[in-house]
2 protein chains.
Amino acid sequence: MNPTDTSPRAQVIARLLHPRSIAVVGASADLAKINGRPLKHLIDKGFGGRILPVNPKYREIAGLACFADIASLPDGVDMAVVAVPAREVVASVEALGARGVPAAVVFSSGFGEMGEAGRALEQRLADTARRAGVLLCGPNCLGFINAFENVYATFSQYADGETGPGPIAFVTQSGAFGTAIAALVRQRGLGLGYFINTGNEADLQFAELMLAVVEDPRIRVAAGYLEGLTDGDGLVRLAQRCRELGKPLVLTKVGRMASGARAAASHTGALAVEDAVFDAVIRQHGVLRARNEEQMLDMLEALAQPRVCEGFGLGIATQSGGAGVMMADRAEEVGLAVPELSAATQQRLAAVMPAFGAAGNPVDVTGQFVARPELLRESVVTLLDDPQVHMGIVWLQLMTAHVDKLVGIFEEIQARTTKPFFVCWVAAPAAALQRLRALGIVVYGAGERAVEAAAALARHHAGRRRPPQALERSAPAAAPAGAADHQGMLPSVQAAAWLQAAGVPMAPVVLAHDADAAVAAWRYFGAPVALKVESPDIAHKTEVGGVLLRLDDEAAVRAGVATLRANAARHAPQARIDGVLVQPMAAGHVELVVGVQRDPVFGMVVMVGSGGVLVEVLKDVAFRRAPFGVDEGLAMLAELRMGAVLDGVRGQPAVDRRAIAQLLADLSRWAAATPRLAELDLNPVRIGADGPVAVDCVMVLRDPPA
Amino acid sequence: MNPTDTSPRAQVIARLLHPRSIAVVGASADLAKINGRPLKHLIDKGFGGRILPVNPKYREIAGLACFADIASLPDGVDMAVVAVPAREVVASVEALGARGVPAAVVFSSGFGEMGEAGRALEQRLADTARRAGVLLCGPNCLGFINAFENVYATFSQYADGETGPGPIAFVTQSGAFGTAIAALVRQRGLGLGYFINTGNEADLQFAELMLAVVEDPRIRVAAGYLEGLTDGDGLVRLAQRCRELGKPLVLTKVGRMASGARAAASHTGALAVEDAVFDAVIRQHGVLRARNEEQMLDMLEALAQPRVCEGFGLGIATQSGGAGVMMADRAEEVGLAVPELSAATQQRLAAVMPAFGAAGNPVDVTGQFVARPELLRESVVTLLDDPQVHMGIVWLQLMTAHVDKLVGIFEEIQARTTKPFFVCWVAAPAAALQRLRALGIVVYGAGERAVEAAAALARHHAGRRRPPQALERSAPAAAPAGAADHQGMLPSVQAAAWLQAAGVPMAPVVLAHDADAAVAAWRYFGAPVALKVESPDIAHKTEVGGVLLRLDDEAAVRAGVATLRANAARHAPQARIDGVLVQPMAAGHVELVVGVQRDPVFGMVVMVGSGGVLVEVLKDVAFRRAPFGVDEGLAMLAELRMGAVLDGVRGQPAVDRRAIAQLLADLSRWAAATPRLAELDLNPVRIGADGPVAVDCVMVLRDPPA
């Protein structure tokens, strides 16, 4: 199924998801039980391939020949469902490998989710599967559904009802929450093409499975529910592939807050990703994040409809001025425009609704359209015709007595425009919902939710229009002499020179070994200088009284050198002192903090934040995965709440955002090519008329984890 | 109905809302029309009093005797519905007054909502009604319902269905949005006791009508929808009365953002209230704000159930670890605690669910309870028994095959605890919803929404426990000589002295008329001083180079006086110069801005915000209506995002929050007693080891609007 990946592993994943024969190991004759339900669903839903129950207790189950053991299975079985007690799973997987069955879905629980012993058993299972050549989905999972081919390798309650197929592929790490979301998809009249629960992910992980199904041309939207993530590269590859395919990827991930993260850690074996980094990286790669299951469903409804949204302009027509205000407010909050209408549009609207004079956006059509349906129809069509309007929302309520009339109006509007529009019908009669959905018209029950979904649609199509990031990781940057295998903090002068060579503007700095050298450096710079103690053992110089500012005569410089050595001797008596750094005072009225961290999930991540006290108090920071270009750097600056300071407050001049973005981009490219970088702080980076300059730099090198 | 108000106006409002006879002016024989629908509803729903249609065209409508004109009406009619064209309304109201009908509900539109001419007509209507002694609800309204007494003075579509009665009073400024909310109340299985649409509020306003119905002992919860507000005092009185009655007041108000405020202004005649002030003042008075109609409904469900919530501790039991994490995250965001459980509770839980070892909060009961219902029952009861847990949420999904079993479990839990608990059942079968609601158990469809509703319940009961603010407005503060009728900016020295006398700590200041006096003042203070130009024409001294800091020798002070005069002459040549202010430099490492503004709706409002550049960039400010006590002052500081700075960052000591709160409270009392105060800025207020001191002060006096 996956034209981009023809590896043997990809071919096995294809056999797993599109099997022509399925063994059910541990099959029960009680079709209501976990180990009986897959048989029931496969039969009831009409799976066209072979179903091969395995259980020594039976000769036959539900009319199917039952095999005594795995060894007795015929040749060419594509995959097995394993539904035996935890203690028997390893042996079953070993036997499957021996019999040549290349893939298994393991329902059994009692692994990584059950403490130390469970984790050890899961490790043994993973090792066994690898050795035996069996690909695993699970353990501790509900299995999966491929609704196109009636593959029900699952015991999820979701399979009990109507199950599609439809244009959405849904992959979930949680069984219970995933079932809930699948059921909500059904309630909304949408359909799932695939439902996959990855469970403990001992082998196959979320991104790899999603990557396999998103290629299916019948899939238009990818949706995922995450609790933890270890394979950041996989997720980024998935996001990039979705983007190439033009298919939106919507993710919900729990664990935003400290307390939540704690609970997640006790719930899954996965390493909790720092949420701010996760959030930044997925947005960087065009993923839409839904904050909860309701928002996910709202987004899926908007994204599953086929119309393209060419911009961020939202036209709103309502039956209530207040609802219009509420939606316009929300639109502004989520980054949509509610544009003023052109003079031509206003004239047309005034002609439709003469009583209301100049008509703006939102358009208040009032309740009069009940008597005169053309009022609603013509005003919405006119609104959508405006060149600044790229999509529309029509708000109305109740109208139990007018469902026929209104459905007819919306059908006409649908035919007369190619722009996407949503109906928001509060307290809608059930018949109205059903009939509009049957016409392919998206309906919401609340105004703010409709607006949020519209924003998701606009963002998705804006992402499609943006040229993809063509950044190749550069070849690993040559480390300067001594840094190639250095462990720990690199001396400042060496670190600064390396960054300067990579294009990062660094304040000039000289390492003086004694007072004479410091005075010579001050004379060389010909300007007030800062003195800073330099030691491989001191990362935070100010904490040991190791920084003196604005020295501008010989006596002060000499005294300063003595002071720094005395302070270091008092506050850090064990520290080796390399000397004193001499640096001209940096100009610039704006201060930022820039840094790089090697994230355990996503690798090198660049951060920029407000400088000074604020970075600690407000946590006003933006992240991006390295490498990235200048546009992403600009986007990072736009995310800062302190961004207005860059444009000049209290009479200060604006600074050059592009120059800062260039610094961020250059730094990101260097970081991505420097795998031994563990941490980097440029704090502060000062920005004045001459652009940004990094004043201080702490760089820590360490071999990356294997 | 209102024991606190026995005024004639209150008695007329009571006749309006509890009439024994209703005239319908302009009644139509077509009961589907706006002017026929009230007759239909009054008859169909069984209104027990007299119904008196008025229309010269008919002798009889729907079996009721029809009167030719208002003059022909019998004596003692309690109220009239007026449903005639706009141009006939004034004459009708005049005739009603002449006939002794004391109150009218005016459906007719074509008034303030329709531009200049409409506003003039509305003014004429209001004047006529006052002269004629007729109380008005409307115009441009849907009317009202008193469901307890089957009074249907309305043409709202909501009346077409089942209409209660129930424990909720709902008053709405919007007809269409209000109808939508009423319909949602019905969908949730809740009931309205009153539904009142206030329309253009030419006479009776939102707060006065709500105040009348909230007294009804059958009402447990008050809910309101607002688009604009002019009577701030009325809203505060309403909030205070709700608090005395122990009844929650939930408000939704549209117009949060700039664009929204614009649309609201074009939609209603009401003056748009600055939303941040509105938000702060209603919270100060214990009002719960719902951000939209869905959140309002979620809150109403929680508040309409009778159980009391004794604290902010939330216990969560789920069938999905991820759902637990999501709810715990949201709980933290909305100010609830998800407490660690006591050792005793953990032991009891471990006994219930031995496989899971130490059991925390959230409790993950997994899907096993389907086989063993006692697992869910006992774990939820145990969780709710924990002394740190004040309310509970149980999360589950789908379970179509287990509705009976689960409903039974929840009924048992309900009987075994007195603490409030909500069921969150995602994709619940319709039967489950219906049966749980019939048992009085509150059910939500999404976890985060359940948590938000729980937070509203906890806040409501916390507000009931807090002793009411016993602040009397003090007698008007005696203005110092010259300030009593001063218009405009008051000289700094005079303003500072006045505030100092009111208990606000002000930095010492001396007005020096020449350099000799300035030097004498500097000697007197014996410390570095600031010099500031003083002029009634200069509000922003720094903008004219009018401030010099840290002067500490005679020559510098003399030169400083000359510099300030020269700068003023250059930058503000027309300004009258009173002299130079001499002030010792204020200590203190934290800077705040404190101010007072006379809000057109709520009167004196005190503000505190982050000082420096931040107040402009971050708008990090908190508001309260004056007067208030120290506790509210502390609450204001707790709202500041920069609050952590008060507790010491980067090695700085913490400052005394209570001393700042005392300053805010003292200032608020003085401001409330100083009606001529138009604006006050204390900027900066510096806070160090000795507490806060206001360094600079700009005070503007102006006669209050009539």
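Values in this document were obtained by computation on a predicted structure and should not be read as measured data. (Residues numbered from 1 in each chain as written. Chains lettered and ligands numbered in written order. Predicted model: local features only at pLDDT ≥ 70, side-chain atom pairs only at ≥ 80, totals over all residues. Heavy atoms only, no water.)

(A) A look at the nonpolar core. Leu238 and Phe602 of chain A together with Leu238 and Phe602 of chain B are the most contacted members of the largest nonpolar core, which has 248 residues in total. Grouped together as the second largest cluster of nonpolar side chains are 88 residues, Ile687 of chain A together with Leu592, Ile687 and Leu701 of chain B included. (Core = buried A, V, L, I, M, F, W, Y, C linked by side-chain atoms within 4.5 Å. Buried < 20%, exposed > 50% of the residue type's maximum accessible area, 1.4 Å probe, protein only.)

(B) Representation of helix H1 (residues 8–17) of chain B in the model. Within H1 of chain B the residues assigned to the buried category are Ala10, Val12, Ile13, Leu16 and Leu17 of chain B. The arc that holds every buried residue of H1 of chain B, seen down its axis, measures 160°, which confines them to one face. (Helix = DSSP H or I, 4+ residues; strand = E, 2+ residues; numbered from the N terminus. Arc of directions from axis to C-beta.)

(C) Layout of the domain arrangement of chain A. As far as domains go, chain A holds domain 1 (8–302), domain 2 (305–465), domain 3 (508–584) and domain 4 (590–701). The gap between the C-alpha centroids of domain 2 of chain A and domain 3 of chain A is 66 Å. (Domains from an automatic or database assignment.)

(D) Quick peek at the UniProt feature "domain: CoA-binding" (unreviewed entry) in chain A. What UniProt calls "domain: CoA-binding" (unreviewed entry) maps, in this numbering, to residues 16–111 of chain A. What you have in residues 16–111 of chain A is 25% helix and 23% strand, and the ends, taken at the C-alpha atoms, are 22 Å apart. (UniProt positions renumbered as here; feature names shortened; annotations may be inferred.)

(E) Region of interest: helix H7 (residues 232–245) of chain A. All names here are of chain A. For H7, built from 14 residues, the straight-helix expectation of 20 Å at 1.5 Å per residue is met to within 8% by its first-to-last C-alpha distance of 20 Å. Among the residues making up H7, those that are buried are Gly232, Gly234, Leu235, Val236, Leu238, Ala239, Arg241 and Cys242. Once H7 ends, the next one or two residues include Gly246, with phi positive near 75°. (Expected span 1.5 Å × (residues − 1).)

(F) Just the sheet that holds strand S17 (residues 391–397) of chain B, in detail. Residue and element names in this part refer to chain B. Across the sheet, which stays open at both edges, the five strands sit in the order S16-S15-S17-S18-S19 with parallel pairing between neighbours. What marks the edges here is a single partner per strand, and that holds for strand S16 (363–364) and strand S19 (443–444). Relative to S19, strand S18 (residues 421–426) runs parallel, the two sharing two bridges. Of the residues in S19, the one forming a bridge with Val423 is Val443. (Pairing = 2+ DSSP bridges.)

(G) Here's a closer look at the pattern of salt bridges. All names here are of chain B. Taken as a whole and assessed by the stated rule, the structure comprises 91 salt bridges over all chains. With a closest N to O distance of 3.4 Å, Arg218 and Glu149 form a salt bridge. Of this pair, Arg218 sits in the loop between helix H6 (206–214) and strand S12 (221–226) while Glu149 sits in the loop between strand S8 (143–146) and strand S9 (151–154), placing them 69 residues apart in sequence. Taking the shortest distance from any N to any O, the salt bridge between Asp279 and Arg289 comes out at 2.8 Å. Taken together, the residues span a long stretch of sequence, with Asp279 in helix H9 (residues 275–284) and Arg289 in strand S14 (residues 288–289) at a distance of ten residues. (Salt bridge = Lys/Arg side-chain N within 4 Å of Asp/Glu carboxyl O.)

(H) The sheet that holds strand S16 (residues 363–364) of chain A, seen in detail. Residues and elements named next belong to chain A. With parallel pairing, the five strands of this open sheet are ordered in space as S16-S15-S17-S18-S19. Bordering the open sheet on either side are S16 and strand S19 (442–444), each of which pairs with just one other strand. Both strand S17 (residues 391–397) and strand S18 (residues 421–426) contribute to a ladder of six bridges, which runs parallel. Directly across from Leu396, in S18, lies its bridge partner Trp425.

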